[in-house]
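Understanding the architecture of this molecule
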Amino acid sequence: MRTIRLGKTGIEVPQNAFGALPIQRVSVDEAVSLLRRAYDGGMRFFDTARAYTDSEIKVGKAFAGMRDKVFISSKTQATTRAKFEEDLDTTLKNLQTDYVDIYQLHCAAKCYTEEDEIYQALADAKKQGKVRHIGITAHKIGVAEDIVESGLYETLQFPFCYLATDRDIALVRSCAEHDMGFIAMKGLSGGLLTNSVACMAFMSQYDALPIWGVQRQSELDEWLSFFDKEVAMTDEIADFIAKDREELLGEFCRGCGYCMPCTVEIQINQCARMSQMIRRSPSENFLSEFWQQEMFKIDSCVGCGICKTRCPYELDIPTLLAKNLEDYKNILSGSVKI
Ligand code: SF4
Ligand code: SF4
């Protein structure tokens, strides 16, 4: 297992880290057990966020009494000093600690600079020792490039997986050149990629720290298994990735959910990628009564466009939903076989 140094933070951890978004969906006991097992298995870096409901509380509970053994990053969506300070206090309380290793501005709409109140608040928190390092997360490549060029942040968190474009890969390299840590989110592209060996082999080629979202024991065991068996890119894996890229590249929904809530309660983050999900997971799950009802809600889209203004990938969501519904209806009627 490679060790990744997160740029000028000096943090060095195995290239196999824990994304604590999905533990929102399991009980406190299950989450604590997953987190402790991840630690016992070799993981040392855990990424959470204020926005992930009780995730911080679960992380805090798991690592109480062993704070110095792990690195914890969290995030705030605040854009004002007052909200930032409130969020940071909550984060520290939830994590049962007096410092966060990396505190990140969450899903930044732009590169905040010294001119911005929120950057000043972040810098002050670092001076006070509540935050050891300053980070930021972004979903738009242009924003991410501005962040790297600014030199104002110690880490960047950005979606990165084997569907990455040349521009995404250049971004990762640019981070290394600027001695900036690169934290890779969505290494499975929101659940679309299912071959963990291919995902890990791809990641092993870059100075990137993947935070794999973990909700189940079986998922965790898969990631932990890489501590025992080193994975590197091979011709066979490269061929697999090339085929998968061909199938998936283009305009597709990553399932991030930033576009929601929808005015008429369509579950956009699932329904806008149903065509891929239904072909890549056991299809009966997505043909259930429940999912049929969810998919047919697409017919009630009023075209308000609010979702489009929130999608970091600038997808034409109503059109994408309509395409997915048409395909879904064809699958249901049997005119399209999967
Ligand atoms: S355009 Fe349609 S899908 Fe988007 S928020 Fe409005 S109703 Fe929902
Ligand atoms: S449509 Fe865009 S914002 Fe919504 S879930 Fe998909 S990628 Fe995310």
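Residues numbered from 1 in each chain as written. Chains lettered and ligands numbered in written order. Predicted model: local features only at pLDDT ≥ 70, side-chain atom pairs only at ≥ 80, totals over all residues.

Quick look at the overall build of the protein
Secondary structure summary: the protein contains 15 helices and ten strands in total. Whereas a compact globule of 338 residues would reach a radius of gyration of roughly 20 Å, the protein reaches 20 Å, a difference of no more than 12%. On the principal axes, the C-alpha backbone points of the protein span a range of 60 × 45 × 40 Å. Here the protein holds 338 residues, and the buried ones make up 41% of them. Partitioning the intrachain contacts of the protein with sequence separation of at least 6 by distance along the chain shows that 75% fall at a separation of at least 24. (Helix = DSSP H or I, 4+ residues; strand = E, 2+ residues; numbered from the N terminus. Rg over C-alpha atoms; globule rule 2.2 N^0.38 Å. Buried ≥ 20, exposed ≤ 12 C-beta atoms within 10 Å, placed from the backbone. Contact = placed C-beta atoms within 7 Å.)

Here we look at the site of ligand 2
For ligand 2, the set of nearby residues contains 14 residues, the closest of which are Cys-253, Cys-256, Cys-259, Asn-269 and Cys-311. Across the shell around ligand 2, the residue classes break down as ten nonpolar, three polar and one charged. (Near = placed C-beta within 6 Å. Nonpolar A, V, L, I, M, F, W, Y, C, P; charged D, E, K, R; others polar.)

Things to note about the domain arrangement of the protein
Here the protein is partitioned into domain 1 (3-243) and domain 2 (268-333). Computed over C-alpha atoms, the centres of domain 1 and domain 2 are 28 Å apart. Split into classes, the residues belonging to the side of domain 1 that touches domain 2 amount to one nonpolar, two polar and one charged. (Domains from an automatic or database assignment.)

Looking at unusual backbone geometry
Geometrically, the link from Met-260 to Pro-261 is a cis peptide bond, its omega value of 5 degrees lying close to zero. Summarising the element assignment, Pro-261 is placed in the loop between helix 9 (235-248) and helix 10 (268-271).

Focus on the site of ligand 1
Taken together, 15 residues lie near ligand 1, and Cys-262, Thr-263, Cys-301, Cys-304 and Cys-307 sit nearest. The set of elements that each furnish at least two residues to the shell around ligand 1 consists of helix 14 (306-310) and helix 15 (317-333). Looking at the shell around ligand 1, the element that brings in the most residues is helix 15, giving three residues.

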